[in-house]
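Residue-level listing of the chains:
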Amino acid sequence: MSVNNVGSAASIENVRSSEFSLSTGRATAFGAAEVGFGLMMQVAVSYFAYFLTDIALLGPAIVGTMLLINRIVDAISVPLTGAIIEKSNLPWGKYRSWMMIAPAVVAFCFIMMFRVPSGMSEVAMAIYFSVFYMLGHIFVNFSYASRFSLLPAMGNTPKSRIMVASRTNQMNTASRILFSLISLPLIMWLGGEEVRNARGFFLYMLIFATLQWVGYMISARAAKPVDIPGRWPKKNVPTGREMINQVVTNKHLIILMLAELGRFTAALSLAGFAVYFYQYVAGDMALVSMYFLSLTVGGFVGNLIGPQIAKRLGTKKTYIIGLFGQAFFLVLAYFIGREPMAFLTLSGLASLSSGFGFSISGAVYSDCADYAEWKTGKSAKGIVMSLSAFPIKIAMVISGSIAAYALAAIGYVGGMPPTPEIQQGVALIATLLPAVAAVFGFICILFYNLKQDDLEIMKEEIKERQSQQA
């Protein structure tokens, strides 16, 4: 085949990719990575500190220092991985290649994170766990950013964009429901009679880190029609300075990230402080597991309802309703939610409201990526979509810090009796502080004004440019 014929074939494939029509089955397959990933990641998020202190037997001070340093590295790597993806040109597609490579590294690192090495000093063991934690999470960011970078191409109409984003988030929520039901019993069963259950954690991670890899391969296969080699012209790739400019001058992206920061800070604060509420205010620790299940189920229902609202009212109004509901139910919980079941119910409704935004966030970030490409003439979907993880990571730092400082402010000491003052302070921290974060997000999203009609015009202009470049 001649060079000219090769060029013509590439042009035909580019046109076919731009005219791609998303089916429900393909949207489901694209979201399949969330199942294994969620079952793997939730254990790493929920139990890794416990694993380090109670199974690997590292000191709490060393563990705290490790996690602080590792999370800083993780947060810094988010925009860097997006930039690397955008500048890359690998053989199986610009983004799909990373979806096929990075999850294998993630699987290896996460399996090693839950393997206790023998014959190491405490310091050497801390370095061992830190290396695999940092590498694993850096490659998680490669996996996440590459897959989310394809959301704008998978959903090339408002309807299909909402469908693929909501299906992805529904899969994520389903994985969290499964996690709450099966993770600890499965870990205990796999561990057998071991006192510290190191084998149970290792075998669990071996199973689900591998499943995460398989899920990403399924997602990569589903995305094949929209990420064929040669679709993204090299001259359309921005320089490092242009990538930074696309972010800092994209007012819609910044507003969305601030709104997401408020939403995630509220959600993480609500989940992170539940144990204190049930111990010191409600006085019924047995309900903690049911409480987390209510948050997960509420989020799942919100994921189902959110896309339907977005189809009728648009993404901005859906965000506004969700953030308003999240703040409203948290404030209500402070005044009438002191009883265990009342707090559980109102928190579940707050999680349901938060799920509205969660179900469509991928679609809205995709809109911001299209706006950036339209405005600058260069595609930086990798870095724009990777930044969707940034508010979550910052919210983790903020929610943890707020809880620690707030407890110190009310004079809390671990194991102390539940005095009326402590009960009042804990109730306030568990409800009103998350509500403040949700109100912050609500105010921010009011200023988001990227309209669907304008986006349709922008996308048509982008297609014209791509055709000319092809």
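Quick note: structure is the one above.
Here is a short report on the structure shown in this document.

A look at the overall build of the protein chain
Across its full length, the protein chain carries 19 helices and zero strands. In the protein chain, which comprises 470 residues, the proportion classed as buried is 53%. If you take every contact in the protein chain between residues at least 6 apart in sequence, the share linking residues at least 24 apart comes to 82%. Carbon and sulfur atoms form 68% of the exposed surface of the protein chain, whose accessible area is close to 20100 Å².

Examining the pattern of salt bridges
Across all of its chains, the model carries four salt bridges by this definition. For the salt bridge of Arg147 with Glu34, the shortest nitrogen-to-oxygen distance reads 2.4 Å. On the criterion of sequence distance, the pair formed by Arg147 in helix 6 (residues 122–149) and Glu34 in helix 3 (residues 33–55) is long-range, its members being 113 residues apart. Across this residue pair, the class does not change: Arg147 and Glu34 are buried. Where Arg263 meets Glu260, a salt bridge forms, and the shortest distance between an N and an O atom there is 2.8 Å. Of this pair, Arg263 and Glu260 both sit in helix 11 (residues 251–272), three residues apart, roughly one helical turn. Accessibility expressed as a relative area gives 1% for Glu260, which makes it buried.

A look at the packing of aromatic side chains
The full count for this structure, using the stated rule, is 20 aromatic pairs. Their ring planes at 15° and their centres at 4.4 Å tell us that Tyr144 and Phe148 sit as a pair that is stacked. Placement of the pair is Tyr144 and Phe148 together in helix 6, with a separation of four residues, close to one helical turn. An identical accessibility class is assigned to Tyr144 and Phe148; each is buried. By the ring-pair criterion, three or more aromatic residues cluster together here, those being Phe48, Phe51, Phe108, Phe114, Tyr128, Phe129, Phe132, Tyr133 and Phe201. The ring centre of Phe30 lies 5.9 Å from the NZ or CZ of Arg147, which sits over that ring.

Calculation criteria
- Every residue gets a number counted from 1 within its own chain, in the order that chain's sequence is written.
- Residue-level local features of this predicted model are given only where pLDDT is at least 70; pairs of side-chain atoms are given and counted only at 80 or more, and the full residue set underlies all totals for whole chains, interfaces and linings.
- Side-chain figures throughout are based on the complete set of non-hydrogen atoms in the structure, without hydrogens or water.
- Helix and strand assignments come from DSSP, with helices taken as H or I runs of at least 4 residues and strands as E runs of at least 2, each series counted from the N terminus.
- Buried, partly exposed and exposed residues are distinguished by accessible area as a fraction of the type maximum, computed with a 1.4 Å probe on protein chains only: under 20%, between the cut-offs, and over 50%, respectively.
- Contact criterion: two residues are considered in contact whenever any of their non-hydrogen atoms come within 4.5 Å of each other.
- Calculation of accessible area relied on Shrake-Rupley with a 1.4 Å probe; when residues are assessed, cover is drawn exclusively from the protein chains displayed.
- Salt bridges are defined by distance alone: a side-chain nitrogen of Lys or Arg within 4 Å of a carboxyl oxygen of Asp or Glu.
- Any Phe, Tyr or Trp ring, taking Trp's six-membered ring, that has another such ring centre within 6.5 Å forms a pair; planes under 30 degrees apart are called stacked, those over 60 apart edge-to-face, and the others tilted.
- Charge-over-ring placement is defined geometrically: NZ (Lys) or CZ (Arg) within 6 Å of the ring centre, and within 35 degrees of the ring normal.

Geometric descriptors of this kind do not, in isolation, establish any biological role.
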